[in-house]
Structures are given as C-alpha cells and as structure tokens.
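# Notes for the structure review
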Amino acid sequence: MRSLIAIKLIFAIIFMFTLTVNGQKNCDKYVIKNCEAFGTPFKYSGQSKSALFEVGQKSILSITAFAGFEYRISLCAEKNMKGIFFRIRENDTNRTLLYDSSIEEEDFLEKMFYVKKTKDLLIEVVVPEGDLALDEQDYKKRFGCVGVLIEYDKRSDLGF
Amino acid sequence: MNHIKQYTIMKRKLVFIMGIVLFQISFIACVNDTKKDKTQTNLIEFEDEAQEVDEKIFYRFPSPDEIFKFIKSSDLQYNGGSLNPPMIFNKYAGIKNQALNLGIYISDLAYITMFEQHEASLEYFMAIHGLSEELKISAAFDEPLVTRISENIGNADSLVVIASDAYTKIVDYLVEHEQEDILALVSAGALVESLNLIVDYVDSYSDDNTLIKKLLDQKYVVNNLTQYVKQNNKEIIDDVEKLNVLFSNLESVDTETTVEKTKSNKLVIGGGSELSISPENFEKLKETIQSLRAKYIKIE
C-alpha cells in the first residue's frame, strides 16, 4: 500500500515538473487570449505578436502603418513583467524616437495613432530589469509572456 | 512465492520510475542550461545596448484583408477572373507549392469576402482547408472550417470574420509549431497574389493613379517579408529579393517626420516619403509580379 502511494507521489512530482518547465515556455496565442481589444470598429491586425520575455529584455517589431488607417497598439503581459513599456521609432538609420509610453502618466500600455504617409515603424518593447539584480531574482519570475496587440480601422475623420 | 513475485514486480516498477525521474531531471537540467545560455545572451544584448549590438527584430506584415481594405475604393469592381481557380487545389504537389498556393487562396478569399461574393467563397474555403490538410496543419482550425462556413454562408459579416480568422489561425499554428519556414512560403504566396490582384486593375500607367500609389506603399510590406524570408526560408529568397529591389529603387521625395497630438491624445505622425515610379519601371514591376504569380500557380 505504502509503495503504491509512493509511486503515485513520484508520478505527481514528474507531472508537476513537466508542467512547470513547459508552461513557462508557452506564450502561444497570448495576445489573443489576454490582451483586451478595443473592438468594433477596430479590427485585429495580423501584425500583432506574442512572445516570451525575460526581465531586462528589449525586442523590436517592424510593422507597416498605412496612411488612411488609424491604429491602436496595446501591450499586455504577465504580472512579473513589471514596468513594461513601449516606444515607437522611425525605421531610419538613427531610429528616431516618435513616442515613448513610459513618460505617460496614465494609459501607458496603449496608444492610438495614425500616419499621414504610409510608413515602416519599429515598435520597441522593453521590460525593465527592476531593483533586484538578475542573479537574486527567482529564476521563474524572470520570464513571462508579453502580447503586442495591433488593431486598425479606416480613419474616421476622413471624407464626409 | 506469491509475495516474492509481487516484490519482483514492484522492484521492476521502481527501477522503471527511477529511470523516468533521472531522465526528467537531466531533461530539466538541459532546459535550464539552455535558458541560462539564453539569459546570458539577453544580458549581453541589454548591457551592450550602447554598443549597438544586433538585436532580434520580428518582421510583421499586414494580412491580405488589411491590404485589400487599404486599396479598396468605391470605383473598384470585382474581378473574379484574376483569381486562382479553387478546384485545382489538389493538383499542387510538394510542400513548397502547396504552401505558396495556400497563401494565394487565402488572399483570393480575402478579396472575395471584401467584395461580398459569398457564393464563390465556399470553394475557396474548401481549397484552403484541403491544402491545410495536405500540409498537415488543418488542426489550426478548432472546429471543422467547412461546417462553420456552411452554417454562415448567408451571413456576410460572419464570412469576413471567418476568412480573416482562417489566416490568423494558420499563422498562429505555424508559429506555435515552429514551422515558420512554411509560414514564409504562405506569406509570400499571399503577398504576391495581393500585389497581382492590384496590378491587374491597372491597364495603363498614369502618375495620378491612386491604385498605383497604394501599390507603391506596399514597398514596406515587401521589405518586411523579404527580411522574414531571409530569417526563415531561403528557398524563395531570390523571388522576394527581385521584388524588393524593384520597390527599393522607387523614387521618393522625403519630408521630415513630425509628431503631434490631437485633442483626444491621438498621435499624428506626419512627414515621410512620397513614392513615385516611372512608366518603364512600373511595367517592369507589373511584369515581375505577374511572372512570379504565374510561376507559383503553375501545376508541375
């Protein structure tokens, strides 16, 4: 009887280990499942992206913004991705900064914008390192899912 | 005797379980090692930010329905003759041809639904589903696609959503299953078909043609696709490079970028490039798009 309990316990531990390791890596469809969409009249853009981030990491999305469309960019992330913010940069040699969400006092995880001429833009997503040195942080807490939701609509202030 | 037998079985079970535990521990150790390496790489990337170390850039491009919404205007008429016939989908053999034509059919479907030609849409859905099955990616659709379509065949809005969903689900599935080499082919097929449908509307060049201007704006999409293909599938790099070179050589008048905010705190990004093309280069571009498309839809 004792052996049976021991076997069950071992299996439970194996199962938990597997879940922890795999679960940490799985950010698939995070943006669809977790980011709050503005919804109608905005539509989901195929330029949206989910990814696994590590504290202190910066990643860049290169997107096309069409003239005549209005866009909404919003970020969503797991709780441990504290202080996450984004910047919009021009895709030129200097990567000219056009917008920095970290300086906003509110709504720093979303922004609506439009371009007067079709442009290639860089969306730079940053998860700051935080106060603790990376070595001191709980290993698992250093990783988390991030979603960049991009929605679009025809500009409402055009035409009649 | 019976006790000895039970003891032996139990002993074997324990040895087996210990084996699994050891395997799991070594597996976890490997994963952690990989992650530690990754952590170190990320740290280096972040610390060396000032030193302009190469960063990972994710290249994204609009879905075909976004491109068609961008080009659509009230004077554009439906041109079903330009589409790839859906009944020949099962004639495409090999992963490359199947994936390219999956993209082509996805683009055709986006075009059809934009013009609300719903009676034609079912066959295109069938072709998309058929090629997805051939490529073993039909699990991308959580419920049978054809059932969902037949239930909504009279509902224009639902069909538009289903068509757009089909593309998103295929993209997500391929990324999730680390098949971005196939996604590069699907995306290239979809973009070439979208460009082909646009140029089919332009019989002769004129410098004030709105459609040509919108075609030129695809320069940025083509560039992002080229970078994505470079990262994920070298098989078609020559094709997309050929297109990218033509778009990169467009003439442009650049004005300085400006940033303003509206009263509702919306960001307005002004300035940028006014793109133009000579009649000769337009013909060259049109010819390249059409020949790539002809190459992709050809049944071997």
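Residues numbered from 1 in each chain as written. Chains lettered and ligands numbered in written order. Predicted model: local features only at pLDDT ≥ 70, side-chain atom pairs only at ≥ 80, totals over all residues. Heavy atoms only, no water.

Turning our attention to the layout of surface pockets. Any space left empty among the atoms is revealed by the rolling of a water-sized probe across them. Taken as a whole, the second largest pocket holds about 710 Å³ of empty space. Along the wall of the second largest pocket there are 28 residues; nearest its centre are Lys43 and Tyr44 of chain A together with Val161, Ser164 and Asp165 of chain B. Broken down by secondary-structure element, the contributors of at least two residues to the lining of the second largest pocket are helix 2 (30–34), strand 1 (43–44) and strand 9 (143–154) of chain A together with helix 2 (64–71) and helix 6 (156–176) of chain B. Broken down by element, the residue count for the lining of the second largest pocket peaks at seven residues, all from helix 6 of chain B. (1 Å grid on protein atoms, 1.4 Å probe; cavity = no way out; pocket = protein on both sides within 12 Å on 5 of 7 lines; lining within 4 Å. Points joined across faces, edges and corners; volume = space filled by probe spheres on them. Helix = DSSP H or I, 4+ residues; strand = E, 2+ residues; numbered from the N terminus.)

Time to look at the state of the cysteines. Residue and element names in this part refer to chain A. According to the stated counting rule, one finds two disulfides over all chains in the structure shown. Covalent S-S linkage joins Cys35 and Cys76, the inter-sulfur distance amounting to 1.9 Å. With the S-S bond torsion at -70°, the cross-link from Cys35 to Cys76 turns out left-handed. Residue Cys35 is located in the loop between helix 2 and strand 1, and its partner Cys76 is located in strand 4 (residues 69–77); the two are separated by 41 residues in the primary sequence. Across the pair, exposure class does not vary: Cys35 and Cys76 are buried alike. (Disulfide = S-S within 2.5 Å. Buried < 20%, exposed > 50% of the residue type's maximum accessible area, 1.4 Å probe, protein only.)

This part takes up the packing of aromatic side chains. In total, this model carries 15 aromatic pairs over all chains according to the counting rule given. Ring geometry for Phe66 of chain A against Phe69 of chain A: centres 6.0 Å apart, planes inclined by 85°, an arrangement best described as edge-to-face. Taken together, a centroid distance of 5.2 Å and an interplanar angle of 25° make the contact between Phe69 of chain A and Tyr152 of chain A stacked. Residue Phe69 of chain A is located in strand 4, and its partner Tyr152 of chain A is located in strand 9; the two are separated by 83 residues in the primary sequence. Judged on exposure class, the residue Phe69 of chain A and its partner Tyr152 of chain A are both buried. Ring pairs connect the aromatic residues Phe66, Phe69, Tyr71, Phe113 and Tyr152 of chain A together with Phe70 of chain B, which therefore count as one cluster. (Phe/Tyr/Trp six-rings, centres within 6.5 Å; stacked < 30°, edge-to-face > 60°.)

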